[in-house]
Amino acid sequence: MIPAHRGGGIRALGFGGRDSAWDSGFGFAGFASAGVCAALLVVASTAGAQSIAVPPDTPAFSAALAGAPPPPAPPSVISRDPATGRATIRAVRIDAPIDIDGRLSESIYEQVPSFSDFVQLEPNEGAPATQKTEAWLLFDDEHVYVMARCWESRPDRMVANEMRHDNMSIFQSNDNVTFIFDTYRDRRNGVLFAVNPIGGHAEGQATNERQYNGDLNIIWEVSASVFEGGWSMEAAIPFKSLRYRPGAGQVWGFNIKRETRWNNETAFVAHMPNDLAQRALMTVSLAPALVGIEVPDQLRNLDIKPYAIASLSSDRATTPPIDNDPDGDVGIDVKYGLTPTLTADFTWNTDFAQVEADEQQVNLTRFSLFFPEKREFFLENKGTFDFGTSGFGMGANAGDTPVLFYSRRIGLQGGTAVPILGGGRLSGRTGPFSVGVLNIQTDGADAAGARSTNFTVARVRRDILRRSTVGALVTRRSIDERGGGVGTSYGVDGAFAFFDNLVINAYWAATDTAGAAGTATSYRGQLDYGGDRYGVQLERLRIDPAFSPAVGFVRRTDMDKSFGQLRFSPRPQSSRFVRRYSGVASLTWIEDTEGRLESRDAEAEFSVEFHNSDKLAVSWNAQHELLPEPFRIAPGVTLPVGGYDFGYGRAAMTFGPQRRVSGTVSVEHGSFYTGYRSTVSINTGRVELTPRLSLQPLVSMNRVTLPEGDFTSNLVGSRATFTMTPLMFVSALVQYASSANAVSANVRLRWEYRPGSELFVVYNEQRDTAAALAAPSLVNRAVIVKVNRLLRF
């Protein structure tokens, strides 16, 4: 618990410190006296810092704020430009820490004015928010504090049913307050934090205003409280948990939004265009300027995290079988801040036994499935290593686009874990450059057919223009998955952002694999315009037949792909029920590199988004697929070589997060190769039994009738979660996949017993259901206990 504030102790600041927005190494330092703000231009040199007075009305001062209004004169904490909707927020220093209990009961909230008057993003862009929000931004020598009091006209309709740390429902389906810091003031990247009314909280990274990594764990303290007229929250983020440029005084970017689910309203402290939609908070180039913040002198930033693990496992599939075999181990992770902007990570005897199991997927195509990374070591600064990513994605794989660095190639082979002996990573920023270097050594694993292998990845990306980047990536694997020689991949990429909604992406990459004839290449160009009313996407992608990134992922090779999509999304002016209609038409055309048509997919979709966040969508797909070789689609069912034309219709209803039962229910029916397919599925489902207990069903039932043979492919499962506190929960994921004749269970207890320190108890079991009349037989089972402890210096 952070010690309680003892009253008083406010020091008002004007325009604070060295300006972290300047790539040139210049900065601003300032003070406020008698209500007048003055600024000092600081020029860094080897002999020390020299200061020259720069009045607030000079071009240099305006450049530092980049079009934001002048800093507010104390005691005001916000200034706004009515013409542009831009804002500047002033942080206020306090002399004593705040008790983080979520109640906002200290006298500081009466002495420091709040910033309020939030503005709608949805449903009515630019209109005043219907629900009042008061916010504060304070700091002391060790923490940045963000607080909010959220008034509710209908407190009985608040949606708050998720307490698990880092669960996406906190963002996507609960009432929440979410804020972001652009600590480098590069107007491209940020760290964001979210809180809901029952204390559920999450944090993540935004990269280039487009990619989001929600798996990063940042040490911070937060609490929320519900009162008669709404709810409130308090958060304390240690300066040690943030990365920023050198210099005591800083100018950051900061934005804060509030989402109210019962009326589906999103409001920001400053005007944001609604065509940014879910990207609005990540668009830090439009975020208010944050002045007055003073960071501590460069601290020794060292985190040491040792762990110990014990397990008891059985595996009937190995030779000889293992039965209740005990094991144990220890390891350590070290994080050291080389500079305020560069961090070195080291890991020894790395273990990921506590990681949540993958959700299984139904695959009725002849191409590989993509599974996301969930291991903590590979998640921090994950966006730095992204290569050639799509325009407005949220960090997922962009369909057919190759992933040059796919971290699941390290420590996993053929779905079997491979021991990681150790390694290191350097990541962060230096001036306009983002850099990432990683080296990992794995041990051999007979069960996976893996030999001891070294993995190296090097990434550099440079900011250019206002919001664009160019970069290069190199990967090397000392032994490829087949046990052959060295595999090397390299490429260059660029992302060019224009205005608020237009992005052009491009990359060129090549791979050299031992035993392959020559170098294989891939390239891509993509244009993405994502406005509110109109949308356009154009793409050209080529992948050579032998293109094989040894530390990457390729869904399909030997292809020339052309893709186009048009969207029209009007908003009715006076509908009581409908917020937006949307019509989308797209065409995908894929040939092999010799010009032969392999795949064609023409799709048309019409959807209706309702004010209450429900959504109805209907679509039709007309497809052509060439099978260049026989395709075994199911056991005993093989489709012959040839070209096939088929089509199907789909209807989906999404029930919004304001409901106790939410999720998307969809049905599909139509022709499929030589026959027909019918599908019923439930995705992103959630059944709220209590605010602490929920079920998340997962259903995909496929019935296929073909002249070559009929079959079903069903995947049925559910995750049950019971949350004791925001830092302790138990979850159980049970899945049955008919195609694999397997039923599996993954039960996890996670307790963050102190910030950054955790206890895990995990139970895994898989059983074979192939025997029709017998009980499912055990394939493998394990009980794992792991504890770690974060030591901060």
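Q: Any chance you could explain a nonpolar patch on the surface here in plain terms?
A: Where nonpolar side chains cluster on the molecular surface, the patch consists of Val667, Val680, Met701, Val716 and Tyr736 and spans about 380 Å² of accessible area. Turning to its location among the elements, Val667 is positioned in strand S40 (residues 661–672).

Q: What exactly am I supposed to notice about the confidence of the model for the chain here?
A: Close inspection of predicted coordinates is inappropriate for parts of the model with low pLDDT. Residues at a pLDDT of 70 or more form 86% of the chain, whose mean pLDDT is 84. Counting interchain partners and residues more than four positions distant, the pLDDT-below-50 stretch residues 1–61 has 165 contacts. Taken together, the stretch residues 390–397 has pLDDT below 50 and engages in 29 contacts with residues farther than four places along the chain or on a different chain.

Q: Help me understand the environment of Ile256 in this model?
A: Within the secondary structure, Ile256 sits in strand S17 (residues 252–260). Residues Ile256 and Leu192, spaced 64 residues apart in sequence, show a C-alpha to C-alpha distance of 9.3 Å. If we skip the residues at most four places from it in the chain, Ile256 touches Phe115, Phe118, Ala135, Val146, Val177, Thr178, Phe179, Ala267, Phe268, Val269 and Leu281.

Q: Would you mind going over the pattern of salt bridges with me for this structure?
A: Oppositely charged side chains are able to pair whenever their charged atoms sit close together. Evaluation of the coordinates by the stated rule reveals 41 salt bridges. The salt bridge partner of Asp345 is Lys335, with a shortest N-O separation of 2.6 Å. Taken together, the residues span a long stretch of sequence, with Asp345 in strand S22 (residues 342–350) and Lys335 in strand S21 (residues 322–337) at a distance of 10 residues. Just as Asp345 is buried, Lys335 falls in that class too.

Q: Quick question: what am I supposed to make of the pairing of strand S10 (residues 143–151) here?
A: Along any regular strand the residues' side chains alternate between the sheet's two faces. Taken across its 9 residues, S10 has 8 buried, putting it largely inside the fold. As defined by bridge partners, strand S9 (residues 133–139) adjoins S10 across 7 bridges and the pair is classed as antiparallel. Looking across to S10, one finds that Ala135 is bridged to Ala148. Remark: 3 residues form the turn of the hairpin made by S9 and S10, two consecutive strands paired antiparallel. Pairing of S10 with strand S16 (residues 230–238), which is carried by 9 bridges, proceeds in the antiparallel orientation. By the bridge assignment for S16, Arg149 is matched with Ser232.

Q: Sorry, what's going on with the environment of Asn161 here?
A: Mapped onto the elements of the fold, Asn161 is located in the loop between S10 and helix H3 (169–172). Separated by 532 residues in sequence, Asn161 and Leu693 place their C-alpha atoms 8.4 Å apart. Here Asn161 is in contact with Asn174, Ile198, Arg686, Glu688 and Pro691, once residues within four sequence places are set aside. There is a polar contact of 2.8 Å between the side chain of Asn161 and the side chain of Asn174. Among the polar contacts made by the side chain of Asn161, one reaches the side chain of Glu688 at a distance of 3.0 Å.

Q: When you look at unusual backbone geometry in this model, what are you seeing that I'm missing?
A: Trans is the prevailing form of peptide bonds, just as negative phi is the prevailing case for residues other than glycine. Omega for the peptide link from Glu122 to Pro123 comes to 0 degrees, which places this bond in the cis form. Position of Pro123 relative to the elements: it lies in the loop between strand S8 (119–122) and S9.

Q: I keep staring at the side chain of Glu259 and nothing clicks. Help me out?
A: Following the sequence through the fold, Glu259 ends up in strand S17. By relative accessible area, which is 11% here, Glu259 ends up buried. In this structure the side chain of Glu259 is engaged in a polar contact, spanning 3.3 Å, whose partner is the side chain of Arg261. Apart from the residues lying within four places of it in its own chain, the contact partners of Glu259 are Phe171, Asn174, Asp175, Asn176, Glu265 and Thr266.

Q: Is there a simple way to explain the packing of aromatic side chains in this structure?
A: The description of an aromatic ring pair rests on the distance of the ring centres and on the angle between the ring planes. Here the structure, examined in full by the defined rule, presents 25 aromatic pairs. Centroid distance Trp151 to Phe227: 5.2 Å. Interplanar angle 80 degrees. Geometry classified as edge-to-face. Of the two residues, Trp151 sits in strand S10 while Phe227 sits in strand S15 (residues 221–227), which places them 76 residues apart along the sequence. Look at Tyr644 and Tyr673: their rings are 5.3 Å apart centre to centre, the planes differ by 75 degrees, and that puts the pair in the edge-to-face class. Here Tyr644 is found in strand S39 (residues 642–655), whereas its partner Tyr673 is found in the loop between S40 and strand S41 (675–688), with 29 residues between them in sequence. Both residues of the pair, Tyr644 and Tyr673, count as buried. Site record: aromatic cluster; members linked through ring pairs are Phe115, Phe179, Phe181, Phe193, Trp220, Phe239, Tyr244, Trp252 and Phe254. Arg429 extends its terminal NZ or CZ atom over the ring of Tyr184, reaching a point 5.5 Å from the ring centre. The ring centre of Phe433 lies 5.3 Å from the NZ or CZ of Arg462, which sits over that ring.

Q: I keep staring at the nonpolar core and nothing clicks. Help me out?
A: Nonpolar side chains in soluble globular proteins tend to end up buried together. In terms of nonpolar packing, the biggest core is built from 54 residues, with Phe115, Phe179, Phe181, Trp252, Phe254 and Ile256 touching the most fellow members. By residue number, the principal contributor to this core is S10, which donates 6 residues. Counting residues in hydrophobic clusters, the runner-up holds 24 residues, among them Phe377, Phe378, Phe387 and Phe405.

Basis of the calculations
Residues numbered from 1 in each chain as written. Predicted model: local features only at pLDDT ≥ 70, side-chain atom pairs only at ≥ 80, totals over all residues. Heavy atoms only, no water. Patch = residues over 30% accessible without salt bridge, like charges linked within 9 Å, V, L, I, M, F, W, Y side chains within 5 Å. Areas by Shrake-Rupley, 256 points an atom, 1.4 Å probe, with all protein chains shown as cover. Salt bridge = Lys/Arg side-chain N within 4 Å of Asp/Glu carboxyl O. Helix = DSSP H or I, 4+ residues; strand = E, 2+ residues; numbered from the N terminus. pLDDT = per-residue confidence, 0-100. Contact = heavy atoms within 4.5 Å. Buried < 20%, exposed > 50% of the residue type's maximum accessible area, 1.4 Å probe, protein only. Pairing = 2+ DSSP bridges. Polar contact = N/O pair within 3.5 Å; in protein donor to acceptor, adjacent residues only side chain to side chain. Phe/Tyr/Trp six-rings, centres within 6.5 Å; stacked < 30°, edge-to-face > 60°. Lys NZ or Arg CZ within 6 Å of the ring centre and 35° of its normal. Core = buried A, V, L, I, M, F, W, Y, C linked by side-chain atoms within 4.5 Å.

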